[in-house]
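Topology and contacts: notes
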Amino acid sequence: MFPIEAFRGTVERFIGILKSLKIRHHLTGGVVSVAWGEPRMTQDIDIVIDRVDATANIERLVSEIQSAGYFADEQGIRNAIDGGKPFQLLDQVEVLKLDVYPRELVPGELSRSVLAEVFPGSSIAIVSRPDAALSKLIWIKRGCHKSRHDLRQIVRRLSEEENIFLRTQALQLELTDLLDSVLAESDELFE
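Overview of the structure. All residue numbers refer to position in the chain's written sequence, counted from 1. Note on the predicted model: pLDDT of at least 70 is required for a residue's local features to be given, and 80 or more for side-chain atom pairs to be given and counted; whole-chain, interface and lining totals, by contrast, use all residues. Remark: hydrogens and water are excluded; side-chain values derive from all non-hydrogen atoms of the structure.

**Details of the overall build of the protein**
Note the following rule: Runs of E in the DSSP output that reach at least two residues are strands. Runs of H or I that reach at least four are helices, and both are numbered from the N terminus. Atoms counted for the radius of gyration: C-alpha only. Globule rule: 2.2 Å times residue count to the power 0.38. Each residue's exposure class comes from its accessible area (1.4 Å probe, protein chains only) as a fraction of the maximum for that residue type: buried when under 20%, exposed when over 50%, partly exposed otherwise. Contacts: residue pairs with any heavy atoms within 4.5 Å of one another. All tallies of charge rest on Lys and Arg as positive and Asp and Glu as negative; His and the ends of each chain are not included. To locate a charge, the coordinates of NZ of Lys, CZ of Arg, CG of Asp or CD of Glu are taken.
Within the protein one finds nine helices and seven strands. Since a compact globule built from 191 residues should have a radius of gyration of about 16 Å, the 17 Å found for the protein is in line with a globular shape. Looking at the protein as a whole, 49% of its 191 residues are labelled buried. Counted over contacts in the protein with a minimum sequence separation of 6, partners at least 24 positions apart contribute 62%. Of note, the protein has its 23 positive side-chain charges centred 2 Å away from the centre of its 30 negative side-chain charges.

In structure tokens, the structure reads:
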């Protein structure tokens, strides 16, 4: 597990590629839990990219990924983007992993990205706070128990408007009961 700062070079180099190709993107996952919840360590960085943008720029994207020092399976990237499936990049210099998701877990999330200072002096697009909560909720439904604490921490910091958005979306996704159940859980190890 690494502190977020350890990923700075790896993330900024990959985001530079995405920006040069005009591929919409934002950070999500553990790094966003730090921004919207509370500080914690993470094993990797999760990045959502626009599948349509990536498909339109696939040749240059694959070429620039390889030129930038990431270890990646070229055909695996192509297949992942084509199928809307995640793929991994390994930074050969820093030996750190990026998980890249060429699809939105929460419909429209890329259009609601916000800029945040993830690293000192560096503003990067990240998933919005209510979309981060929704994605954690979806991961919990899929069996990811480590997202439970993250969800509670993010929800504690939601504005009234963000909470209404979260509740509306959870209702549409039929996740209201799960949301209420997770929010009722304690963060204490012993009660």
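Back to the write-up after that little detour.
**Thoughts on the pattern of salt bridges**
Put simply, the rule reads: Any Lys or Arg side-chain nitrogen located within 4 Å of an Asp or Glu carboxyl oxygen qualifies as a salt bridge.
Following the criterion strictly, the structure yields 13 salt bridges and no others. For Glu59, the salt bridge is made with Arg78, and the minimal N-O distance between the two is 2.9 Å. Pair noted here: Glu59 is in helix α4 (residues 58-67) and Arg78 is in helix α5 (residues 74-83), with a separation of 19 residues, a long-range link. A salt bridge links Glu185 to Arg152; the nearest nitrogen and oxygen atoms lie 2.8 Å apart. Pair noted here: Glu185 is in the segment after α9 (176-184) and Arg152 is in helix α7 (residues 147-156), with a separation of 33 residues, a long-range link. Judged by relative accessible area, Glu185 falls into the partly exposed class, the value being 27%. Taken together, the salt bridges that share partners define one network made up of Glu59, Glu74 and Arg78.

**Notes on the environment of Asp150**
In this structure, Asp150 sits in helix α7. Of the residues examined, Asp150 reaches a relative accessible area of 6% and is grouped as buried.

**Focus on a nonpolar patch on the surface**
Quick note on the threshold: Excluding any residue in a salt bridge, patches collect residues exceeding 30% relative accessible area, merging like charges within 9 Å and nonpolar Val, Leu, Ile, Met, Phe, Trp and Tyr side chains within 5 Å. Working definition of accessibility: Shrake-Rupley area with a 1.4 Å probe, residue cover restricted to the visible protein chains.
A cluster of nonpolar side chains, namely Phe71, Leu90 and Val95, defines an oily patch on the protein surface of about 300 Å² accessible area. Secondary-structure assignment places Phe71 in strand β3 (residues 70-71).

**Comments concerning the pairing of strand β6 (residues 114-119)**
The test is simple: Here, a strand pair is defined by DSSP locating no fewer than two bridges between the strands.
Bridge analysis of β6 against strand β7 (residues 122-126) gives five bridges, and the strand direction is antiparallel. Across the sheet, residue Leu115 finds its bridge partner in β7, namely Ala125. Taking the residues between adjacent antiparallel strands as the criterion, β6 and β7 are bridged by two residues, where Gly121 takes a positive phi near 80°.

**So, the packing of helix α6 (residues 129-141) against α9**
Note the threshold: Note on geometry: axes are lines fitted to C-alpha atoms, helical ones only across the stretch in contact, with angles between N-to-C directions running from 0 to 180 degrees. Here the angle decides the label: under 35 degrees means roughly parallel, over 145 means roughly antiparallel, 65 to 115 means roughly perpendicular, and every other value means oblique.
The N-to-C vectors of α6 and α9 enclose an angle of 95°; their axes lie 10 Å apart at closest approach. Considering the angle they form, α6 stands roughly perpendicular to α9. Residues Leu137, Ile140 and Lys141 of α6 touch α9, and the partners they reach there are Leu178, Leu179 and Val182.

**What to know about the environment of His145**
Summarising the element assignment, His145 is placed in the loop between α6 and α7. In sequence terms His145 and Ile124 are 21 residues apart; their C-alpha atoms lie 27 Å from each other.

**Observations concerning unusual backbone geometry**
In this structure, Val95 is a non-glycine residue whose phi angle is positive, near 55°. If you trace the backbone, Val95 turns up in the loop between β4 (87-91) and β5 (96-101). Judged by relative accessible area, Val95 falls into the exposed class, the value being 56%. At Glu174, a residue that is not glycine, the phi angle is positive and equals roughly 60°. Tracing the sequence through the fold places Glu174 in the loop between α8 (160-172) and α9. The class of Glu174 is exposed, set by a relative accessible area of 71%.

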